[in-house]
Amino acid sequence: MVVKPLTGNYAVAWAVKLAKVKVIAAYPITPQTTIVEKLSEFAERGLLDAKVIRVDSEFSALAATWGAAAGGVRAFTATSSHGLLYMHEVVWWVAGSRIPLVMAIVTRTIGPPWNIWTDHSDIMDQRDTGWIIMMAEHNQEVLDSVIQLYRITEDPRVYLPGIVGLDAFILSHTTEPVDIPPQELVDSYLPPRRQPYVMTIKEPLIMGNIPADLKWNMKMRWDIHASLIRAKEVIEEADREWYKLTGRSYGGLIECYKCDDAKTYIIGMGAWVGDMRDAVDRLRDEGYDVGLIKVRFIRPFPDDKIASVVKNAKLCIVFDRSISAGSAGPLFLDVASHIHRYGINVPVVNVLAGLTGLDVTSNEIAYVVKKIYDSFEKGELRNNIVWYFGGDELWW
Amino acid sequence: MSEYVKYLPLAKPKIGVAGKTGSWRTEKPIYDPSKCIKCDLCWLHCPEGTIDVGVSENGYVRIDYDYCKGCGICANVCPVKAISMVPER
């Protein structure tokens, strides 16, 4: 076992190296840049047998990564925020083509105004594209998840690309001790590259031509959806197998913290889940019956998992770090609508916090939960979509 | 392919899947073998793959008029103007 102090971005780079990725194409954008800088260094020093393609834009970065993957090799790219939006069309093409590859998104606020700090607007913008999308809580999970995603995306039950999200600076530029598994361990965990078809010059294929039959076209959309639903079991398997090899499990799709005897659930995704754990500890000390559900995968959405945890709850509080303006936070929308599908009638409150990179401490999370909990108990909850700007500034 | 993933946006290219697209032409490329320098640029640029080179009994370039849509790129890239576009009637 080798433990190194790694930033979240370097943890991504190490995982890509361990996955023996053959082609990397990327365009620099803060806060993602140091991922591909590190990978270029690995390649230059002969530690990674990969071709690093420098391109003119993020659109080209994903297109080149995709082309390499379609040609039969493991490929990787990374981006953030405006770069991700610039490649958004290709994001759809990759999923539609069913070619597996992995992308890291270092989540960053979208302008205007220019802002490099984390929120989840950019990654949440991708959730209808057909990709597998997850977010990590800490740097060890970042490294483990990138490796896991190569296994998940290349599984014949799935054959879809995948995104590993990590919060800008909170993870990307913060150093934590990270266990780097030995190469033989990763080799035994990752099967050789598999994909639904390989583009070669000898046997030409046309991908994505205008369909003669629109029913067939709609069935492609169905197939992507069905594959994502099937991916849930593949994700759980990948987590279990990883646990056997490393002793580390993240619960697969969701992770529960102090859920067993809880009646009130905090639900969140990303790095601030670590702060939510502290908030739960503090609230428990004060007698609150709270537990925490960490949503690891937003796509496929762990509807059944969350429903089975909260079915006897009295209150759920979902923290969103982005908003679908004019509606509500996307995580809240998924939680509320899916538990309803399972016939569960638990009040769900949405807290919009930490948008535009506004820092949110564990103290502040505890403060907000208490405010909502107390007003709920008194029957005084005025609105179930609340905005929190830090300190005592809570807009109901 | 996979036993799970059944609906893929794939097709095998073959000649004439969209019918005889040559009927779409408004201008026809006419090749003059006496000017041709056999540079292959028309072959390289044809977006429809309707130009063959080195196989024609009539000089060097052969154009497949069943599928040539008459875009004129071959005439445009020819450095010696060995291909000219003539209106279809």
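Residues numbered from 1 in each chain as written. Chains lettered and ligands numbered in written order. Predicted model: local features only at pLDDT ≥ 70, side-chain atom pairs only at ≥ 80, totals over all residues. Heavy atoms only, no water.

Draft legend 1. Representation of the sheet that holds strand β12 (residues 290-295) of chain A in the model. Residue and element names in this part refer to chain A. Taken in spatial order, the seven strands line up as β10-β12-β11-β14-β15-β16-β17 in an open sheet, and their pairing is mixed. On the outer flanks of this sheet lie β10 (254-257) and β17 (394-395), each paired with one strand and no other. Pairing of strand β16 (residues 385-388) with β17 involves two bridges; the strand directions are antiparallel. From the neighbouring strand, Trp387 faces β17, where its bridge partner is Trp395. Here helix α10 (residues 273-285) sits on the sheet and contacts β10, β11 (264-268), β12 and β14 (315-320); the angle it forms with β12, its principal contact strand, is near 170°. Strands in contact with helix α13 (residues 362-377) are β11, β12, β14, β15 (348-353), β16 and β17; relative to β14, the strand with the most contacts, it is inclined by about 145°. (Pairing = 2+ DSSP bridges. Helix = DSSP H or I, 4+ residues; strand = E, 2+ residues; numbered from the N terminus. Contact = heavy atoms within 4.5 Å. Axes fitted to C-alpha atoms, helices over the stretch in contact; angles between N-to-C directions.)

Draft legend 2. Quick peek at the side chain of Gln126(A). Residue and element names in this part refer to chain A. Its place among the elements puts Gln126 in the loop between α6 (121-124) and β6 (132-135). With a relative accessible area of 0%, Gln126 lands in the buried category. Of note is the side chain of Gln126, whose polar atom sits 3.2 Å from the backbone oxygen of Asp122. Setting aside its immediate chain neighbours within four residues, Gln126 contacts Leu84, Leu85, His88, Val91, Ile105, Ile133 and Ile163. (Buried < 20%, exposed > 50% of the residue type's maximum accessible area, 1.4 Å probe, protein only. Polar contact = N/O pair within 3.5 Å; in protein donor to acceptor, adjacent residues only side chain to side chain.)

Draft legend 3. The domain arrangement of chain A, seen in detail. Residue and element names in this part refer to chain A. The assigned domain composition of chain A is domain 1 (2-246) and domain 2 (254-395). Each of domain 1 and domain 2 has a C-alpha centre, and the two are 28 Å apart. Roughly 2300 Å² of surface becomes buried between domain 1 and domain 2 when both sides are summed, with 57% attributable to carbon and sulfur atoms. It is Met124, Arg127 and Glu137 that lose the most area in domain 1 upon contact with domain 2, and together they represent 28% of the buried surface on that side. Remark: the boundary between domain 1 and domain 2 carries eight salt bridges. (Domains from an automatic or database assignment. Buried area = accessible area lost by both parts, 1.4 Å probe. Salt bridge = Lys/Arg side-chain N within 4 Å of Asp/Glu carboxyl O.)

Draft legend 4. Structural view of the nonpolar core. All names here are of chain A. Core analysis: the largest hydrophobic core is formed by 56 residues, its most contacted members being Val12, Ile24, Leu39, Phe76 and Ile147. Beyond its immediate stretch of four places on either side in the chain, Leu39 contacts Ala13, Val16, Lys17, Ile24, Leu48 and Phe76. Core analysis: the next-biggest nonpolar cluster, separate from the first, contains 52 residues, Val94, Ile105, Met124 and Ala262 among them. (Core = buried A, V, L, I, M, F, W, Y, C linked by side-chain atoms within 4.5 Å.)

Draft legend 5. Local environment of the pattern of salt bridges. Considering all chains together, one arrives at 34 salt bridges over all chains under this definition. Among the ionic pairs, Lys38(A) bridges to Glu41(A), the shortest N-O distance being 3.5 Å. Note that Lys38(A) and Glu41(A) are positioned in helix α2 (residues 33-44) at a spacing of three residues, about one turn of the helix. Since its relative accessible area comes to 29%, Glu41(A) is described here as partly exposed. For Glu48(B), the salt bridge goes to Lys69(B), with nearest N and O atoms at 2.9 Å. Here Glu48(B) is found in the loop between α1 (41-45) and β3 (51-53), whereas its partner Lys69(B) is found in the loop between β4 (61-63) and α2 (73-77), with 21 residues between them in sequence. In this structure Lys69(B) comes out as partly exposed when scored by relative accessible area, which is 29%. Through salt bridges with shared partners, a single ionic network connects Glu137(A), Glu141(A), Asp239(A), Glu255(A), Arg277(A), Lys294(A) and Arg296(A).

Draft legend 6. A look at the packing of aromatic side chains. Residues and elements named next belong to chain A. A complete count under the given rule lists eleven aromatic pairs over all chains for this structure. Geometrically, the ring pair formed by Tyr189 and Trp242 is edge-to-face, given 4.8 Å between the ring centres and 70° between the ring planes. Highlighted residues: Tyr189 in helix α8 (residues 183-189) and Trp242 in helix α9 (residues 214-246), separated in sequence by 53 residues. A single burial state applies to Tyr189 and to Trp242, both of which are buried. Lys38 extends its terminal NZ or CZ atom over the ring of Tyr10, reaching a point 4.6 Å from the ring centre. Above the face of the Tyr189 ring, Arg151 is positioned so that its terminal group lies 4.6 Å from the ring centre. (Phe/Tyr/Trp six-rings, centres within 6.5 Å; stacked < 30°, edge-to-face > 60°. Lys NZ or Arg CZ within 6 Å of the ring centre and 35° of its normal.)

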